[in-house]
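Each chain is listed here by its residues.
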Amino acid sequence: MKARVHVTLKRAVLDPQGQAIGRALASLGFDGVRDVRQGKVIEIDLADTDREAAEERVRAMCDRLLANPVIEDYTVEMVG
Amino acid sequence: MKAAVVLFPGSNREGDVEDALELVTGRRPVTVWHRDTELPQADLIVVPGGFSYGDYLRAGAMAAHSPVMREVKAAADRGVPVLGICNGFQILTECGLLPGALLRNAHLKFICRFVHLRVENSDSVFTRGYVAGDVIHVPVAHHDGNYTADAETMARLRGEGLIAFRYCAPDGEEAVGAEAVAHNPNGSSGSIAGILNERRNVLGLMPHPENAVDPKLGHTDGRRMFEGLVAALG
């Protein structure tokens, strides 16, 4: 079973990398880009067979290591 | 004063802080490896600068969960002074010994230069070698030094006098507006360069006082931190 974790900076936290990407897109002529937030994707391959239990474990992984709750939010997506 | 310096794969300033400590104590600190599950008897524990674990995931995140950090946390809980410099500061926030977090520098660049700091509080073993209001000149070298914390934490840091150092203009004034870019090198909230925990036995700071201790290298403002520690800890 596979899990895909998306980690992004919280809305309240300034994302200077996202802003730089936004400016670069504008300079390439892509109009109307209102906001860009950069984050990371972490794919985890699990031996688990119970989907619910696996998701629970991945959330625990996020809380303990994969995301820093002071500055980041995360979403967990169970795939495959 | 017996000091222990924690070494992770990717640390690179451990030698500098060991030299600085040896200069003021006459005694070489003990180096402790990240896999060690016991700390030697020490009056001071230093988590040095560098790029532990290559800054994988987030700066300091992997080191924060290493076996030796469990021991460092336990020692801090017993009241042993713990000093985290640069990556060491990042590790101390990641492992929960200090509040807040260190984001990518606001201007996205790695910064390696001298900065001015104002000593905000001299009431700790780390800062007693200074007088509150002193302006010191020390280097920074980091990519992720942009301190942030929620409003409640910021209010508590200010209210309880837990801000140890702020970036400032050469005259000690807090840098604001256009000046902020010149004097607050990474965009830190409240120009924060270093903070203490509530008990004041843990200090984390981004600048490198250990690189300003020897007159042969032109700068000595960092030396008083180590002299103050010796005065406090024997």
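Let me begin by describing the structure that accompanies this report. These numbers were taken from a predicted model, which means no experiment stands behind them. Each chain carries its own residue numbering, running from 1 in the direction its sequence is written. All chains are assigned letters beginning with A, and all ligands numbers beginning with 1, in the order in which they are written. Local features in a predicted model are, by the rule used here, given only for residues with pLDDT of at least 70; side-chain atom pairs are given and counted only at 80 or more, and totals for whole chains, interfaces and linings are based on all residues. Side-chain figures throughout are based on the complete set of non-hydrogen atoms in the structure, without hydrogens or water.

What follows is about the overall build of chain B. Scanning chain B for helices and strands turns up 7 helices and 11 strands. For a compact globule the rule gives 2.2 Å times the number of residues to the power 0.38, and the radius of gyration it is set against comes from C-alpha atoms. Taking 2.2 N^0.38 as the reference for a compact globule, 234 residues should give roughly 17 Å; the C-alpha atoms of chain B span a radius of gyration of 16 Å, in line with that estimate. C-alpha extents for chain B along the principal axes are approximately 50 × 40 × 35 Å. Buried, partly exposed and exposed residues are distinguished by accessible area as a fraction of the type maximum, computed with a 1.4 Å probe on protein chains only: under 20%, between the cut-offs, and over 50%, respectively. In chain B, which comprises 234 residues, the proportion classed as buried is 56%. Under the convention used here, Asp and Glu are negative, Lys and Arg are positive, and both His and the chain ends fall outside the count. Charge positions come from single atoms, namely NZ of Lys, CZ of Arg, CG of Asp or CD of Glu. For chain B, the distance from the average position of its 22 positive side-chain charges to the average position of its 28 negative side-chain charges is 2 Å. Secondary structure elements are taken from DSSP: a helix is a run of H or I of four residues or more, a strand is a run of E of two residues or more, and numbering for both begins at the N terminus.

What follows concerns unusual backbone geometry. Residue and element names in this part refer to chain B. In this structure, Tyr53 takes a positive phi of about 50° despite not being glycine. For Cys86, which is not a glycine, the phi torsion comes out positive at approximately 60°. A relative accessible area of 5% places Cys86 in the buried class.

Before going further, it helps to spend a moment on the interface of chain B and chain A. Interface size is commonly expressed as the accessible area that is lost once the parts come together. Contact definition: two residues touch when any of their heavy atoms are within 4.5 Å. Taken together, the contacts link 13 residues of chain B with 15 residues of chain A. Accessible area, probed at 1.4 Å, shrinks when two parts are joined; the buried area is that loss added up over both. For the pairing of chain B and chain A, the buried interface totals around 1,100 Å² over both sides, and the portion due to carbon and sulfur atoms is 67%. In what follows, salt bridge is the name for a side-chain nitrogen of Lys or Arg lying within 4 Å of a carboxyl oxygen of Asp or Glu. Joining chain B to chain A, the criterion identifies 1 salt bridge. Here a polar contact is recorded for every N or O atom pair within 3.5 Å, except that within protein the pair must consist of a potential hydrogen donor and a potential acceptor, and residues adjacent in sequence are included only if both atoms are side-chain atoms. Here chain B is connected to chain A by 5 residue pairs in polar contact (both at pLDDT 80 or more). In this classification, Asp, Glu, Lys and Arg are treated as charged, Ala, Val, Leu, Ile, Met, Phe, Trp, Tyr, Cys and Pro as nonpolar, and every other residue, Gly included, as polar. Residues that form the side of chain B that touches chain A fall into these classes: 6 nonpolar, 4 polar and 3 charged.

A few words now on the environment of A:Ile44. Counting through the fold element by element, A:Ile44 comes out in strand 2 (residues 39-45). Setting aside residues up to four positions removed in sequence, A:Ile44 forms contacts with A:Met1, A:Lys2, A:Ala3, A:Val5, A:Val58, A:Met61 and A:Leu66.

Let us look at a nonpolar patch on the surface. Residue and element names in this part refer to chain A. Surface patches are drawn from residues lacking salt bridges whose relative accessible area is over 30%; two like charges belong together within 9 Å, two nonpolar side chains (Val, Leu, Ile, Met, Phe, Trp, Tyr) within 5 Å. Here the open area of atoms and residues is found with the Shrake-Rupley method and a 1.4 Å probe, where only the protein chains shown may cover a residue. A contiguous nonpolar surface patch, about 310 Å² in accessible area, is contributed by Leu28, Phe30 and Val33. Within the secondary structure, Phe30 sits in the loop between helix 1 (16-27) and strand 2. Its relative accessible area of 49% is what places Phe30 among the partly exposed residues.

This next bit is on the pairing of strand 2 (residues 30-33) of chain B. Residue and element names in this part refer to chain B. Any two strands with at least two DSSP-identified bridges between them are counted as paired. Pairing of strand 1 (residues 3-7) with strand 2, which is carried by 4 bridges, proceeds in the parallel orientation. Counterpart to Ala4 in the pairing with strand 2 is Val30. Here a crossover is taken to be right-handed if, once the strands point away from the viewer, the path from the first strand over the helix to the second is traced clockwise. Handedness of the strand 1-helix 1 (residues 14-25)-strand 2 crossover: right-handed.

Moving on, we get to the packing of helix 1 of chain B against helix 7 (residues 223-233) of chain B. Residue and element names in this part refer to chain B. Two elements in contact, helix 1 and helix 7, have axes whose closest approach is 9 Å; the angle formed by their N-to-C orientations is 55°. Classed by the angle they form, the pair helix 1 and helix 7 counts as oblique. Our pair here, helix 1 against helix 7, has a crossing hand that is right-handed. Contact residues: helix 1 offers Val17, Ala20, Leu21, Leu23, Val24 and Thr25, while helix 7 offers Arg223, Phe226, Glu227 and Val230. Here an angle of 0 to 180 degrees is reported between the N-to-C directions of two axes, which are lines fitted to C-alpha atoms, with helices fitted over the stretch in contact. Working definition: roughly parallel below 35 degrees, roughly antiparallel above 145 degrees, roughly perpendicular at 65 to 115 degrees, and oblique for all remaining angles. Take the far helix as the reference: if the near one is turned anticlockwise from it by less than a right angle, the crossing is left-handed, and if turned clockwise, right-handed.

Attention now moves to the side chain of B:Ser188. All names here are of chain B. Position of Ser188 among the secondary structure elements: in the loop between helix 6 (178-183) and strand 10 (192-196). Separated by 3.1 Å, the side chain of Ser188 and the backbone oxygen of Ile192 make a polar contact. Setting aside residues no more than four positions away along its own chain, Ser188 makes contact with Gly145, Asn146, Tyr147 and Tyr167.

The strands that make up a sheet are held in pairs by hydrogen bonds between backbone atoms, and each pair lies either parallel or antiparallel. Residues and elements named next belong to chain B. Strand order in this open sheet of 9 strands is 2-1-3-4-11-10-9-6-7, and the pairing throughout is mixed. Of all the strands in the sheet, just strand 2 and strand 7 (135-142) have a single pairing partner and so form its edges. Averaged over all neighbouring strand pairs, the angle between strand axes comes to 25°, with direction disregarded. Note that strand 3 (residues 44-47) and strand 4 (residues 82-85) share 3 bridges and pair parallel. The residue of strand 4 that forms the bridge with Val47 is Gly84.

What follows covers the state of the cysteines. Pairs of cysteine sulfur atoms within 2.5 Å are identified as disulfides in what follows. For the structure shown, the criterion picks out 0 disulfides over all chains. Here B:Cys95 is not disulfide-linked; the sulfur of B:Cys86 is the nearest cysteine sulfur, at 16 Å.

Take the nonpolar core next. Residues and elements named next belong to chain B. Nine residue types can take part in a nonpolar core, namely buried Ala, Val, Leu, Ile, Met, Phe, Trp, Tyr and Cys, and a core is a set of them joined through side-chain atoms within 4.5 Å. Leu83, Phe165 and Phe226 are the most contacted members of the largest nonpolar core, which has 67 residues in total. The dominant element in this core, judged by the number of residues it contributes, is helix 3 (residues 67-77), at 5 residues. If near-sequence neighbours (up to four positions away) are discounted, Phe226 is found in contact with Val17, Ala20, Leu21, Val24, Leu83, Pro209, Glu210 and Val213.

Residues and elements named next belong to chain B. Burial within strand 10 is extensive, with 5 of its 5 residues counted as buried. Across 3 bridges, strand 10 lies against strand 11 (residues 202-205) in antiparallel orientation. Its bridge partner being in strand 11, Ile195 is matched across the sheet by Gly204. Following strand 10, the chain reverses through 5 residues before pairing antiparallel with strand 11; Arg200 in that reversal takes a positive phi of roughly 65°.

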